[in-house]
Amino acid sequence: MPADRSQEQPTVAIVARKVTGTTGTSRTILSHARLLADAGWRVAIVAESAPAELAAAAGAELVRVPRLPVGNWWKRRAFSAFAGFYGRRVGGVVWGHGDDLQPDLLSLHNCVHRAHELVRGRPIDPADAVARFFERLFQVASFRRLIANSQRMADDVQTRFGVPASQVVVVHPGYDSDRFGTTGRERNRAALRERLRLPPDRSLLGFVTSGDFEKRGATTFLRTLAALPPSVYGLLVGREASFAPWQQEAAALGIAERVTFEPPTQDVAALYHGLDVLVHPAAYEEFGQVVQEAGVCGTALVTSRRVGASERLLGLELAERFVLDGPEPAGLAAAALALLDDPALRARWAEAARQRYAPNTVAANFRASLPVLEAVRGELAAGARR
């Protein structure tokens, strides 16, 4: 009979291809690793790409999976096979983040099928490597629990892949309270406007993303800006191979002189502080950390129900005005103009949103995730005793 492992040091192998600290998912993984280690867990990060110093700082062992020079589909399958092997050698719970086909606990960050349908307006190609991998993940369905980062995601995996509702737990991603807040807001606002040479009588609308302008709605943002008075300027920030397609769109709309494009910045909080309104017109966003971060920084928001982060705003008095059913330029422009024309309304909405987002820190996310992890560990231990 196997030994009773329920009293051993709790152990978790966190599996993800890339844990670089440069994306929201990887920062969450590193935060969870650190908090688990602090709570007495043995933590291993199983990854293809991960700086050793980041794993060490999180109190985690690092298990590097070799990267094979093969195509996307086989690269994903190879990583899953290697990661599953190493993860089970570590022991305990295997906590996957969408890159391992056989996790005990699955944290899902993307709905590739739904996103493609809403962004491109058609079903994803069945031969697409990412789509095939996701379909295989749900065919195998080895996970005992699935953590979805929004109710939108939970609804999609239940209807599309038949995941039982009893297995799905919604836990919104948390923000880093050390980086985001209202401290320095007026100073940062003045500095940004000076850098952009924006006159005092001009308003500044912002579009901020880590990348993927198409999914996040850059074209919709530009069309929204074009529907606003000439006194409203736009700032688009994000990572793209080239801004040229969107610069050409701005020129075609006659707003090229009112738009600035910039690459991502490390001090994104200062960027949020400088905006009058942040517009997040994503065609589909599983969560949308940008909306939460900007809200915590005291910036007024206009977005839609297609963005998972909007779920935290529903029920607020003003939500029906500034959380739209969909990201249509006319509606976004009307909502943004209402905020720009009424500073008192803008401040009231910004503060209401800030209060909704402020409690949802990384630590709060961990506190909500830990019982799910412990439940899976308990089920595995009970299974080992049978």
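Everything in this summary refers to the structure shown in the same document. (Residues numbered from 1 in each chain as written. Predicted model: local features only at pLDDT ≥ 70, side-chain atom pairs only at ≥ 80, totals over all residues. Heavy atoms only, no water.)

Within the chain, the regular secondary structure consists of 16 helices and 13 strands. Relative to the compact-globule value of 21 Å for 386 residues, the chain shows a C-alpha radius of gyration of 22 Å, a close match. Projected onto its principal axes, the C-alpha positions of the chain cover 75 × 45 × 40 Å. Counting all 386 residues of the chain, 53% fall into the buried class. Restricting to contacts in the chain with at least 6 residues of sequence separation, those with at least 24 account for 68%. Accessible surface, the chain: about 17000 Å² in total, of which carbon and sulfur atoms supply 49%. (Helix = DSSP H or I, 4+ residues; strand = E, 2+ residues; numbered from the N terminus. Rg over C-alpha atoms; globule rule 2.2 N^0.38 Å. Buried < 20%, exposed > 50% of the residue type's maximum accessible area, 1.4 Å probe, protein only. Contact = heavy atoms within 4.5 Å. Areas by Shrake-Rupley, 256 points an atom, 1.4 Å probe, with all protein chains shown as cover.)

What the rule picks out here adds up to 19 salt bridges. With a closest N to O distance of 3.4 Å, E379 and R144 form a salt bridge. On the criterion of sequence distance, the pair formed by E379 in helix α16 (residues 362-385) and R144 in the loop between α5 (129-140) and β6 (145-148) is long-range, its members being 235 residues apart. Overall, R144 belongs to the partly exposed group, its relative accessible area being 30%. Across the salt bridge formed by E285 and R216, the nearest N and O atoms sit 3.0 Å from each other. Here E285, found in the loop between β11 (277-279) and α12 (289-296), pairs with R216, found in helix α8 (residues 213-216); they are 69 residues apart in sequence, far enough to count as distant. You'll find E285 and R216 in the same group, each marked buried. Taken together, the shared-partner salt bridges in this structure form one network comprising R114, E117, D156 and R160. (Salt bridge = Lys/Arg side-chain N within 4 Å of Asp/Glu carboxyl O.)

Next up on the list: the environment of A368. As for its position among the elements, A368 is in helix α16. Put simply, A368 and P173 are 195 residues apart on the chain and 10 Å apart in space, counted from C-alpha to C-alpha.

Turning to the nonpolar core, a few remarks are in order. L205, L222, L236, Y272, L301 and W349 are the most contacted members of the largest nonpolar core, which totals 63 residues. No other element matches helix α14 (residues 329-341), which puts six residues into this core. (Core = buried A, V, L, I, M, F, W, Y, C linked by side-chain atoms within 4.5 Å.)

Quick look at the sheet that holds β11 now. Strands sit in the order β10-β9-β8-β11-β12-β13 across an open sheet of six strands; the sheet is parallel. With partners counted over all chains shown, the strands left at the sheet margins are β10 (259-262) and β13 (323-324), one partner each. By the bridge criterion, two bridges tie strand β12 (residues 300-304) to β13 in an arrangement that is parallel. Residue pairing for β13: T303 is matched across the bridge by V323. Along the sheet, helix α9 (residues 218-226) makes contact with β8 (203-211), β9 (232-239), β10 and β11, crossing β9 at roughly 170 degrees. Sheet contacts for α14: β8, β9, β11, β12 and β13; angle to β12, the most-contacted strand, approximately 165 degrees. (Pairing = 2+ DSSP bridges. Axes fitted to C-alpha atoms, helices over the stretch in contact; angles between N-to-C directions.)

Among the nine residues that make up β8, eight are buried, leaving the element largely enclosed by the rest of the structure. Across seven bridges, the pairing between β8 and β9 is parallel. Paired with L204 across the strands is Y233, a residue of β9.

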